[in-house]
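Coordinate analysis (summary)
Each chain, written out:
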Amino acid sequence: MKRIYSGVILFAVLLSMTCCRSTPPQPPVAEKKSQVLEINGNLRTDDYYWMRLSDEQKNAATPDSQTVEVLGYLNAENDYAKAMMKHTEDFQQVLYDEMKNRIKQDDESVPYLDNGFYYQSRYFEGKEYPVYYRWPENEVSKSEVLLDVNALSAGHKFTSLGGM
């Protein structure tokens, strides 16, 4: 009797594992479109040159067919990555929260003197971006805001300053 009972349980477990398992998503495969490039008299073939977009294509109000194709492929890659990492979403959130909690929310750089002015950046609690200040060498009370990146970022998903 125990043998039959064990066999039934084993069969049920195996059946549930095979019939209910979903197939894993398949990664997108980028199409190869050979492009021969010549640089300094040397020829090379780039099968994925078609993925390169110019700044005009990236910033165009209406995307052209190449931009649509590249974005379609990139979105497919993002969807694949998201599907493959779905089982780690809770852990990703735990890691994100832990890292965020280790970052000092209100911080400031060490002031540095340049051309008779001190310069400094400061972060404020609840804000994502720094505020840049300067003041004359001997007059801290005359501090002025050079740039508030938080104000600059209003209405945008992300803001970046080159080289700062």
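Scroll up for the structure.
Quick caveat, the model's predicted, so the values are computed rather than measured. (Residues numbered from 1 in each chain as written. Predicted model: local features only at pLDDT ≥ 70, side-chain atom pairs only at ≥ 80, totals over all residues. Heavy atoms only, no water.)

The next subject is the pattern of salt bridges. Oppositely charged side chains are able to pair whenever their charged atoms sit close together. The final tally for this structure, using the stated rule, is six salt bridges. Where R134 meets E144, a salt bridge forms, and the shortest distance between an N and an O atom there is 2.8 Å. Pair noted here: R134 is in strand β5 (residues 131-136) and E144 is in strand β6 (residues 144-148), with a separation of ten residues, a long-range link. According to the relative accessible area criterion, E144 is partly exposed, its value standing at 33%. (Salt bridge = Lys/Arg side-chain N within 4 Å of Asp/Glu carboxyl O. Helix = DSSP H or I, 4+ residues; strand = E, 2+ residues; numbered from the N terminus. Buried < 20%, exposed > 50% of the residue type's maximum accessible area, 1.4 Å probe, protein only.)

This paragraph deals with the sheet that holds β6. The antiparallel open sheet is built from four strands, whose spatial order is β3-β4-β5-β6. The two strands at the open ends of the sheet, each matched to only one other strand, are β3 (112-114) and β6. Ignoring which end each strand starts from, the neighbouring axes of this sheet average 30° apart. Examined bridge by bridge, strand β4 (residues 117-122) and β5 share six bridges and lie antiparallel to one another. Pairing of Y119 across the sheet is with R134, part of β5. (Pairing = 2+ DSSP bridges. Axes fitted to C-alpha atoms, helices over the stretch in contact; angles between N-to-C directions.)

As paired strands, strand β1 (residues 35-39) and strand β2 (residues 42-46) are joined by five bridges and run antiparallel to one another. In the sheet register, V36 faces β2, and the bridge partner there is T45. The antiparallel pairing of β1 with β2 creates a hairpin that spans two residues between the two strands, and N40 there sits at a positive phi of about 55°.

On to the nonpolar core, then. As a rule of thumb, nonpolar side chains are buried together in soluble globular proteins. Formed by A30, W50, L53, V70 and Y73, the largest nonpolar core amounts to five residues. Sequence-distant contacts of W50, that is, excluding residues within four places in its chain, are made with A30, E31, K33, Q66, E69, V70 and Y73. (Core = buried A, V, L, I, M, F, W, Y, C linked by side-chain atoms within 4.5 Å. Contact = heavy atoms within 4.5 Å.)

Time to look at the packing of aromatic side chains. Considering all chains together, one arrives at two aromatic pairs under this definition. Centroid distance Y118 to W135: 5.9 Å. Interplanar angle 25°. Geometry classified as stacked. Here the residue Y118 occupies a position in strand β4, and W135 occupies one in strand β5, the gap between them amounting to 17 residues. Take Y118: its relative accessible area is 25%, and that puts it in the partly exposed class. Judged by relative accessible area, which is 6%, W135 ranks as buried. The aromatic ring of F117 is capped on one face by R134, whose charged end is 3.8 Å from the ring centroid. (Phe/Tyr/Trp six-rings, centres within 6.5 Å; stacked < 30°, edge-to-face > 60°. Lys NZ or Arg CZ within 6 Å of the ring centre and 35° of its normal.)

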